[in-house]
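# Results of the structural survey
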Amino acid sequence: MIDLQTVNANVSRVPFFRFLNFEVQSLDNLHAEAEMTFESRHIGNPVMEHYHGGIIASFMEATAAIAVHPDFADVPAKPINLTVDYLRPGMKGPLYARADVTRKGKRIASLSVITWQIEREKPIAEGLYHFLLV
Amino acid sequence: MSDISKTKMEQIAQMWNARGKGLITHMALDIEDVSSEGVRVRMPFNPDFCVDSDQTLLHGGILTALLDSVFGLANFVSIEGVSTMATLDLRVDYLRPARSRSDVIVRAHCFRKTRHIAFNSGSICFDGHEDAEIARGTASFALTRGDVSLFDAMTKGKTRD
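Residue positions are given per chain, counted from 1 along the sequence in the order it is written. As they are written, the chains are lettered A onward and the ligands numbered 1 onward, keeping that order. Per-residue local features of the predicted model are confined to residues with pLDDT of at least 70, and side-chain atom pairs are confined, for both listing and counting, to 80 or more; whole-chain, interface and lining totals are unaffected and use all residues. To obtain the side-chain values, all non-hydrogen atoms of the structure were included, while hydrogens and water were left out.

## Quick word on the overall build of chain B
The number of helices and strands found in chain B is four helices and six strands. For chain B, the α and β elements follow one another from N to C terminus as α-α-β-β-α-β-β-β-β-α. Burial analysis of chain B (161 residues in total) assigns 50% to the buried set. Any two residues having at least one pair of non-hydrogen atoms within 4.5 Å are treated as being in contact. Put simply, 66% of the contacts in chain B that link residues at least 6 apart link residues at least 24 apart. Accessible area of chain B: about 7300 Å², with a carbon and sulfur share of 48%. Each helix is a run of H or I in the DSSP string that is no shorter than four residues. Each strand is a run of E no shorter than two, and both are numbered from the N terminus. Using a 1.4 Å probe on the protein chains alone, a residue whose accessible area is under 20% of its type maximum counts as buried, one over 50% counts as exposed, and one in between counts as partly exposed. Methods summary: accessible areas were calculated by the Shrake-Rupley approach with a probe of 1.4 Å, and residue burial reflects only the protein chains presented.

Okay, structure coming up:
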């Protein structure tokens, strides 16, 4: 199994992952967890300083891509599609994501992703993501 | 553009330009066309949004973020008296690898609005390659209506939530 240091070194080579500014915190064959640092460029609602919904979905996609293919050499796993349910506003502060591999076949992987801030029991968003493995 | 009043067009441009911070500013979006039929927005190529070291392949997430933003604009244009707007859910299909350094063009419209909910659909392609769609999305938004307009909330900091 690939170590976290190598994964985070791979992450830091992806321009858009640097834009998101997150770190992978735990990883095995079936899941990945990551923490994203709040940046002003992540803001969607400038008055309330909430995260942009697209940044939340992007962070979830990034975490899912790492869970499905942690030792990517250059480009992360290829996404096919996604659905996201936005449950609460994402406030200024760190955001956490956990991606679980529901099924990983020869060609396609399905993952469910959850993201939260203070309490895991109060999710900010939940999503389903598909990736093409070929 | 004739069915949208000049005042509203000015408000829209002001609302997006007055933000000054956040993702929409970073994406440097340019509103190209606005009507009650829908909106067309251009995003210049930005290497920060790429996944590869050559910086020619856009990350899917930025396309999702673009759709979410432009849906919000389409709702603002086509619905009167919106006070707040929150994305309920979003589905995006990535139809092709987004490999190009061309500008990105997003088209979006609100195909159904009720008192509480707006339904949107949109499509993304590279400038000059309108026949090769790279992503398509649908979303629903929860609306609240009231005397503090979204425009006032965005520009003057008034909000009831």
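## Describing the environment of Lys106 of chain A
Residues and elements named next belong to chain A. Note on placement: Lys106 falls in the loop between strand E6 (95-104) and strand E7 (108-116). In this structure Lys106 comes out as exposed when scored by relative accessible area, which is 79%. Lys106 sits 17 residues away from Pro123 along the chain, and the two C-alpha atoms are 31 Å apart. When residues no more than four places from it in sequence are discounted, the contact partners of Lys106 are Leu133 and Val134.

## Some words on unusual backbone geometry
Residue and element names in this part refer to chain A. The phi angle at Asn21 is positive, at roughly 60 degrees, despite the residue not being glycine. The topology assignment puts Asn21 in the loop between helix H2 (15-20) and strand E1 (22-27). With a phi angle near 55 degrees, Glu49 is a residue other than glycine that sits in the positive phi range. Turning to its location among the elements, Glu49 is positioned in the loop between strand E3 (43-45) and strand E4 (50-51).

## Here we look at the pairing of strand E4 (residues 104-113) of chain B
Residue and element names in this part refer to chain B. Of the pairings in the sheet, the one linking strand E2 (residues 38-43) to E4 comprises five bridges and is antiparallel in character. The partner of Val39 across the bridge, within E4, is Ala108. In short, DSSP must find at least two bridges between two strands for them to pair. The pairing of E4 with strand E5 (residues 117-126) spans nine bridges and is antiparallel. Considered in E5, the bridge of Ile105 is made with Cys125.

Such coordinate-based values are descriptive only and should not be taken to indicate function.
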